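For reference, the chains in residue letters:
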Amino acid sequence: MPHVVIAGAGIVGLSCAWYAQRNGWTVTLVDKDFEGDRASHGNAGGIAISECIPLSLAGLGLKPLKWLLDPVGPLSIRPSHLLNLLPWYLGLRKVSRPENFIQISKALADLNAYSLNAFEEMLKDIGLENEIHHKGALTVYEKESTFKAESRDWEIKRSHGVKFREVNTTELIQLEPNLSNKFEMGVMIEDWAHINDPLFIVQTLRKVIQQRGGEFIKGTVTSIAIDRPNQAGVVVDDLRTIYADKAVIATGAWSKNLASSIGDNVLIESERGYNTTLPQSAKLLNREVIFAERMFVATPLSIGLRIGGAAEFAGLNAAPNFKRSDALLSLGRNFIQNLDETNPKKWMGNRPTTADSLPVIGPSGRHKHVLYAFGHGHLGLTQSASTAQLLFSHLNNDSCPINPSPYLISRFG
Ligand SMILES: Cc1cc2nc3c(=O)[nH]c(=O)nc-3n(C[C@H](O)[C@H](O)[C@H](O)COP(=O)(O)OP(=O)(O)OC[C@H]3O[C@@H](n4cnc5c(N)ncnc54)[C@H](O)[C@@H]3O)c2cc1C
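Residues numbered from 1 in each chain as written. Predicted model: local features only at pLDDT ≥ 70, side-chain atom pairs only at ≥ 80, totals over all residues. Heavy atoms only, no water.

Trainee: Any chance you could explain helix 13 (residues 384-395) here in plain terms?
Mentor: It helps to recall that an α-helix has 3.6 residues per turn; residues three or four apart then point in one direction. With 12 residues, helix 13 extends 17 Å from end C-alpha to end C-alpha; this agrees with the ideal 16 Å at 1.5 Å per step. Counting buried positions along helix 13 yields 11 of 12 residues, so the element is predominantly enclosed. Buried residues of helix 13: S384, A385, S386, T387, A388, Q389, L390, L391, F392, S393 and L395, and no others. Looking at the buried positions of helix 13, the neighbouring elements they touch are helix 1 (11-22), helix 5 (98-113), helix 6 (115-125), strand 14 (246-249), strand 20 (360-363) and strand 21 (370-374). (Helix = DSSP H or I, 4+ residues; strand = E, 2+ residues; numbered from the N terminus. Expected span 1.5 Å × (residues − 1). Buried < 20%, exposed > 50% of the residue type's maximum accessible area, 1.4 Å probe, protein only. Contact = heavy atoms within 4.5 Å.)

What follows is the structure in structure tokens.
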């Protein structure tokens, strides 16, 4: 049996392990902290297949500056991190060029187009088919003019087959009776789904992979080994190397140093997001709601109503600033009625965000037996199982479900 060693057991690494096992591979997973509270454990739980608009500065004018000046606003950059962020920021600026913007949206849409099916296939196989809800998502607008200003993005989505429709205030109240009456309109995104609890899916995947013979090794991968022509390996705690037929690097926001240990360059940053989960308010909404102007979302998970958002660039090691979780909760208070705030749970996670909003999926430019699966930014849950399928089509020499080239690490030069 072929053997794959996978560094990182977040939702992406676990999905790769699950898919590899199904296709006859033996699997070794290495993680520095399997139980650690990473992005995959506490995200908003949205299967957001409509989201094909890359992060970009196009058309934002002075808005980012305004956000930066608000101490708990939707965007923040720690001054000590400014210089480190510069190469990523320069990469982000290139996204605004019309030709890049269109290509990236298409690549995101192509991957998203089969992400829901792939994800559901995985849920079904691990016995969690009832953990997903197909209720769409509602984007709500305090001002209709904001919706009009975003019309280019909505048209791009429509051109990629995303199904949505405008919703007036009467229907808004019918769909979500606990929303405040501060909205002039909404947009119903039909194909969006949400899950009950991201952590439960991660925990179940771990259990199933172990039951199917997967090996779990706790340790920090310190570099990648490429000293053998027909194998690749991961060096654990600088002490020992685990070789296999293939090595997959799925270490989320921590992947940059590992890739550069063998000479692969990537522009990736930890884009830290926050939330507060209210266990007693789970039933206040029927579906995920996206608050367009305030840039936060609320998802009715089975474990509570999760109110979250924010983009904080502070590097991988800075302590969390939970004032952001508080700020998100107070936004929720303004726009959702009847919140029960008993036992709130605050959380921060590191989104692995590339400068061009596309994940890195596929072989290293330096060694064909090293593969990458990281950099999914805001969409790692959504694209977890489809990433695994795309990655393993490289391994099995199967025809790829989509054109694989936009996701290769070689695009960073
Ligand atoms: C607030 C917030 C809301 C979000 N909402 C959504 C959503 O609604 N829908 C969606 O699709 N996505 C969402 N995301 C994004 C999604 O959570 C991430 O893209 C996804 O979890 C990334 O998964 P991952 O497996 O790549 O990384 P991670 O979950 O970060 O896992 C990486 C793993 O690698 C391990 N690791 C790292 N370095 C090493 C090393 N050197 N050696 C060994 N192990 C290592 C870590 O311990 C960790 O277990 C959200 C993210 C945030 C922060």
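Following the structure, the description resumes.
Trainee: Help me understand the sheet that holds strand 2 (residues 26-31), please; the structure alone is not making it clear to me.
Mentor: Sheet strands line up and pair through hydrogen bonds in the backbone, either parallel or antiparallel. Spatially, the 6 strands line up as an open sheet ordered 10-2-1-14-21-20, and their pairing is mixed. Edge positions in the sheet fall to strand 10 (215-218) and strand 20, since each of these pairs with one other strand and no more. Ignoring strand direction, the axes of neighbouring strands in this sheet form an average angle of 20 degrees. Of the pairings in the sheet, the one linking strand 2 to strand 10 comprises 4 bridges and is parallel in character. Along strand 10, the bridge assignment pairs L29 with F216. Strands in contact with helix 1 are strand 1 (3-7), strand 2 and strand 21; relative to strand 2, the strand with the most contacts, it is inclined by about 170 degrees. (Pairing = 2+ DSSP bridges. Axes fitted to C-alpha atoms, helices over the stretch in contact; angles between N-to-C directions.)

Trainee: Looking at this structure, I do not really get the packing of aromatic side chains. What am I missing?
Mentor: The description of an aromatic ring pair rests on the distance of the ring centres and on the angle between the ring planes. Using the criterion set out here, one finds 15 aromatic pairs in the structure. Between W88 and F313, the ring centres sit 5.0 Å apart and the planes meet at 45 degrees, which makes this aromatic pair tilted. Here W88 is found in helix 4 (residues 82-95), whereas its partner F313 is found in strand 18 (residues 304-313), with 225 residues between them in sequence. The pair W88 / F313 is uniform in exposure class, with both members buried. A centroid spacing of 5.6 Å and a plane angle of 40 degrees characterise the contact between F183 and F335, whose relative ring orientation is tilted. Highlighted residues: F183 in the loop between helix 9 (169-175) and strand 8 (185-189) and F335 in helix 12 (residues 323-335), separated in sequence by 152 residues. Assigned by exposure class, F183 and F335 land together as buried. One aromatic cluster is present, built from ring pairs that chain together W18, Y19, W25 and F392. Here the guanidinium or amino end of K157 rests over the ring plane of W154, the centre of that ring lying 4.4 Å away. (Phe/Tyr/Trp six-rings, centres within 6.5 Å; stacked < 30°, edge-to-face > 60°. Lys NZ or Arg CZ within 6 Å of the ring centre and 35° of its normal.)

Trainee: Where do I start with the pattern of salt bridges in this structure?
Mentor: For side chains bearing opposite charge, pairing can occur when the charged atoms are close. Counted by the stated rule, this structure contains 22 salt bridges. In this structure, E271 and R351 form a salt bridge, with 3.3 Å as the shortest nitrogen-oxygen distance. One end of the pair, E271, is in strand 15 (residues 268-278); the other, R351, is in strand 19 (residues 345-354), with 80 residues separating them in the sequence. Residue classification places E271 among the buried positions, given a relative accessible area of 2%. Each of the salt bridges in this network shares a partner with another, and the network as a whole consists of R22, E121, D125 and R212. (Salt bridge = Lys/Arg side-chain N within 4 Å of Asp/Glu carboxyl O.)

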